[in-house]
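Each chain is listed here by its residues.
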Amino acid sequence: MNDVPVPYQVTGVRRESADTVSLTLAPAGEEALEPFAPGQFAMVYAFGVGEIPVSVSRIGRRELVHTVRSVGAVSAALCALRPGSQVGLRGPFGTGWGLERAAGQDIVVVTGGIGLAPLRPLVLAALAARRAYGRLNLLVGSRTPEDLLYADRIRAWVDSHGPLHCQVTVDRPSPAWWGHVGLVTTLLNSALFTPENTTAYVCGPEPMIRATARDLLHRGVRPERIRVSLERNMRCATGHCGHCQLGGVLMCLDGPVIGWDRVESLLAVREL
Amino acid sequence: MTNSTTTAVLDRDGLSALVQALAAQGRTVVGPTVRDGAVVLAEIASADDLPFGWGTEVEAGRYRLVPRDDGAVFAHTAGPQSWKTYLHPQRERLWSAERAADGHLSVTEDGSEQPSYAFLGVRPCDLRAIAIQDRVLAGGRYPDRGYRERRTGAFLIAAECTEPGATCFCVSMGGGPAADSGFDLALTEVLDRAGHRFLVRTGSEAGEEVLSGLPRHPADAHTRNAARTAVDAARDRMGRAMPPVDLRALMGESLEADRWDDVAARCLTCGNCTMVCPTCFCTTTEEVTDLTGDHAERWQHWDSCFDVDFSHLHGGPVRASARSRYRQWLTHKLSTWYEQFGSSGCVGCGRCVTWCPVGIDITEEAAALHDELTDRLRREKQKETER
Ligand SMILES: Cc1cc2nc3c(=O)[nH]c(=O)nc-3n(C[C@H](O)[C@H](O)[C@H](O)COP(=O)(O)OP(=O)(O)OC[C@H]3O[C@@H](n4cnc5c(N)ncnc54)[C@H](O)[C@@H]3O)c2cc1C
Ligand code: SF4
Ligand code: SF4
Ligand code: FES
């Protein structure tokens, strides 16, 4: 359903960090959205407040999970929801990550902050078909150890499945932090991949995406094999409101996941 | 589209009968009228509401009504509105939502019946603008249902141009004063010693049907010739022109031009140009709740890329400077529109030039960008040969 939101019920709420919450949503009535692909997003409607784009962070048979960071009116209202509350959903919208592009290749997943949320379903899908791919790297950047999303589950992915090379880094360590400190791009040094035979998936703040794509290119990963997810203001998600433009790209239709080859020169222009 | 076109001549009574016939079909007839010192589009009850005897004088940032003693009705140029006012209204309710006491949400799409319009006096540039908005709003993966209903229900009567204004440049945008397609009926006003009349051509079966019920005269050779001559002459009397270059490529090459700073120093970022432009389609949404808090409505209204909130992200706007917002408008119109919707976003109607409070003229800006680019390329070439 793309015209009006379909009611979904909050069946689970999980606090991921001080400002971030995962909502498990199930259709409240008969009507349900078409299945989502990893990387796609929904327009999530908080009654009486507004509607914002949010990626799917887990895809169940009937249930969807959205991980929302509270930054303003609508996201704060979503983060305050309790089990039993209802939201409206439109979707699925936009392009997916396209995991099939990585068949037989090494995979490098690089995330910054909330950028891990849209990539979780991709990591889960890759783990579920582990043999279809080469080496699987997950490089996670977080502001602080406390902001790290899905910490316990990341540990479970590493332990329970085939080899997942996972590294985590933080900008500001706490006293108990024993891991890496610094930009997520520094983790590329110890990631295991053959650049000419690698597909990368990147999501996070735009400066982080630029820096990561630059480093991957520098190492020899082909630009069209660097898949990034970009954020722009989105009011409609259906190509009609004009808000999500980046040059000729309409991010809600041509993105949010798009090849670096299509956006590199556009992102090089300030304020485009 | 029909294969055969019927041509006839209507006199003023025929024009009146046309308005009555469309009203009798239950249509809301909209046409140009004189109001508040401008030709504005409004619902008309009879042909008497049309601007007989009014012309316009326009320049960049200037618009003036002038009386004409020949009694012409279609001698004015584009006013401050366009047909998008009706097809893509300024405000529209998208849906209503109710929250029950137990938290249950129900959402109802706005299902109000769309009016059935007849537009009288659609200029050829505006026919092209409607076709462009059709591609944006009714084409593509997610057609806008309300727009499509209003659009398919509308009866379009074109009025070919015989009096282009000083800010018109449709010819240089690949258009012209003649109506080629996309109408149900097309009128060409003829005023000479043989009288005040309209050559009428049909463009659809609906047009054939309406015409067949009107008092009309056969299309005589003299009227045909007079109509053709007037439209041909209009083609050569455009007030302005875009530079005759590949505008799409020019914009692509000019993203870092200095000219953007120059225009940004003059532009008030008021967004008038986007409001008057017949192809500009951008909208935003707003949430309206009633006092009980259990009823909410989602409204859509026109938005402008000149508004700093247009590109709002929680870290700040993507396009904070006036330079970047003017660049967004011009490059979208002339260049990136092709990638998104397969054509230019500008039909050369001149509205944005006329209604800009400080007289910014997109043909002049494009020409300046072209000069800057030519200069830059020349200097680069020089450097290369010196090396
Ligand atoms: C494809 C995509 C996927 C995303 N996925 C996620 C995700 O998985 N998790 C997540 O946490 N975030 C995600 N985001 C980001 C999320 O959509 C934003 O954080 C969210 O829109 C912020 O909305 P807000 O109301 O909370 O904050 P605000 O900053 O208040 O903005 C809300 C909206 O209101 C509008 N607005 C705000 N102020 C004004 C104003 N003054 N005038 C006009 N309009 C205004 C803006 O258009 C804005 O989109 C995603 C974004 C995109 C584009
Ligand atoms: S950009 Fe200006 S001239 Fe072109 S269609 Fe829009 S208002 Fe008319
Ligand atoms: S170009 Fe003119 S009309 Fe458009 S925003 Fe600037 S000042 Fe306003
Ligand atoms: S979000 Fe409206 S056009 Fe992309």
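Coordinates for the structure precede this section.
Here goes a summary of the coordinates provided.

Here is what the cut-offs are and how they apply
Residues numbered from 1 in each chain as written. Chains lettered and ligands numbered in written order. Predicted model: local features only at pLDDT ≥ 70, side-chain atom pairs only at ≥ 80, totals over all residues. Heavy atoms only, no water. Helix = DSSP H or I, 4+ residues; strand = E, 2+ residues; numbered from the N terminus. Buried < 20%, exposed > 50% of the residue type's maximum accessible area, 1.4 Å probe, protein only. Contact = heavy atoms within 4.5 Å. Areas by Shrake-Rupley, 256 points an atom, 1.4 Å probe, with all protein chains shown as cover. Lys, Arg positive; Asp, Glu negative; His and termini not counted. Charge placed at Lys NZ, Arg CZ, Asp CG, Glu CD. Buried area = accessible area lost by both parts, 1.4 Å probe. Salt bridge = Lys/Arg side-chain N within 4 Å of Asp/Glu carboxyl O. Polar contact = N/O pair within 3.5 Å; in protein donor to acceptor, adjacent residues only side chain to side chain. Nonpolar A, V, L, I, M, F, W, Y, C, P; charged D, E, K, R; others polar. Near = heavy atom within 4 Å. Pairing = 2+ DSSP bridges. Axes fitted to C-alpha atoms, helices over the stretch in contact; angles between N-to-C directions.

### Quick word on the overall build of chain B
Here is step 1 of the chain: Secondary structure assignment for chain B yields 12 helices and 14 strands.
Here is step 2 of the chain: If one aligns the C-alpha atoms of chain B with their principal axes, the spans along those axes are about 75 × 70 × 40 Å.
Here is step 3 of the chain: Each of the 387 residues in chain B was classed as buried or not, and the buried ones make up 55%.
Here is step 4 of the chain: Considering only contacts within chain B whose residues lie at least 6 apart along the sequence, 72% involve residues at least 24 apart.
Here is step 5 of the chain: In the form shown here, chain B has an accessible surface area of approximately 16,800 Å², with 48% of it arising from carbon and sulfur atoms.
Here is step 6 of the chain: Averaging the locations of the 43 positively and 56 negatively charged side chains of chain B gives two centres separated by 4 Å.

### Regarding the interface of chain A and chain B
Here is step 1 of the chain: Of the residues lining the interface, 41 residues belong to chain A; the matching set on chain B comes to 50 residues.
Here is step 2 of the chain: In total, chain A and chain B occlude about 3,800 Å² of area from one another, counting both sides; carbon and sulfur atoms represent 54% of this.
Here is step 3 of the chain: When the area that chain A buries against chain B is broken down by residue, the three leading residues are Phe47, His240 and Glu271 of chain A, summing to 21%.
Here is step 4 of the chain: Our count for the chain A to chain B interface comes out at 1 salt bridge.
Here is step 5 of the chain: Between Arg145 of chain B and Asp3 of chain A there is a salt bridge, with its nearest N and O atoms 3.1 Å apart.
Here is step 6 of the chain: Taken together, the connections running from chain A to chain B amount to 24 residue pairs in polar contact (both at pLDDT 80 or more).
Here is step 7 of the chain: Broken down by secondary-structure element, the contributors of at least two residues to the side of chain A that touches chain B are β4 (50-55), β7 (86-93) and β15 (249-250) of chain A.
Here is step 8 of the chain: In terms of residues, the side of chain A that touches chain B owes the most to one element, β7 of chain A, which gives 6 residues.
Here is step 9 of the chain: Of the residues contributing to the side of chain A that touches chain B, the split by class is 18 nonpolar, 14 polar and 9 charged.

### Observations regarding unusual backbone geometry
Here is step 1 of the chain: Each neighbour pair has its own omega, and for Gly91 of chain A with Pro92 of chain A the value is -5°, a cis peptide bond.
Here is step 2 of the chain: With respect to the helices, strands and loops of the structure, Pro92 of chain A is situated in strand β7.
Here is step 3 of the chain: The backbone phi angle of Tyr150 of chain A is positive, close to 55°, even though this residue is not glycine.
Here is step 4 of the chain: Mapped onto the secondary structure, Tyr150 of chain A falls in the loop between β9 (136-142) and α3 (151-160).
Here is step 5 of the chain: Backbone geometry at Asp36 of chain B places phi at a positive 50°, although glycine is not the residue there.

### A short note on the site of ligand 1
Here is step 1 of the chain: Among the 23 residues in the neighbourhood of ligand 1, the closest are listed as Pro53, Arg69, Ser75, Asn233 and Arg235 of chain A.
Here is step 2 of the chain: Nearby residues place ligand 1 at the junction of chains A and B.
Here is step 3 of the chain: The backbone of Val74 of chain A places a nitrogen or oxygen atom 2.8 Å from an oxygen atom of ligand 1.
Here is step 4 of the chain: Arg235 of chain A places a side-chain nitrogen or oxygen 2.3 Å from an oxygen atom of ligand 1.
Here is step 5 of the chain: Compared with its free state, where it exposes 940 Å², ligand 1 has 79% of that area covered by protein.
Here is step 6 of the chain: Elements with a contribution of two residues or more to the shell around ligand 1: β4, β6 (64-69) and α1 (73-79) of chain A.
Here is step 7 of the chain: At 4 residues, the largest contribution of residues to the shell around ligand 1 is made by β4 of chain A.
Here is step 8 of the chain: Here the shell around ligand 1 is composed, by residue class, of 11 nonpolar, 7 polar and 5 charged.

### Side note on the side chain of Arg319 of chain B
Here is step 1 of the chain: Relative to the helices and strands, Arg319 of chain B is located in the loop between β14 (295-302) and α10 (322-341).
Here is step 2 of the chain: The side chain of Arg319 of chain B is buried and forms no salt bridge, while Glu271 of chain A, the nearest opposite charge, is found at 8.2 Å.
Here is step 3 of the chain: Among the polar contacts listed, one links the side chain of Arg319 of chain B to the backbone oxygen of Leu272 of chain A, at a separation of 2.8 Å.

### Some remarks on the sheet that holds strand β13 (residues 226-229) of chain A
Residue and element names in this part refer to chain A.
Here is step 1 of the chain: On the basis of which strands lie adjacent, the open sheet formed by 7 strands has the order β11-β10-β9-β8-β12-β13-β16 and mixed pairing. The sheet is open, and its two edges are formed by β11 (180-181) and β16 (257-259), each paired on a single side.
Here is step 2 of the chain: Note: strand β8 (residues 106-112) against β9, 6 bridges, orientation parallel. Bridge pairing links Val110 to Leu139 in β9.
Here is step 3 of the chain: Against the sheet, helix α2 (residues 116-128) touches β8, β9 and β12 (198-203), its axis set at about 155° to β8.
Here is step 4 of the chain: Strand contacts of helix α4 (residues 206-219): β8, β12 and β13, with the helix running at about 165° to β12, the strand carrying the most contacts.

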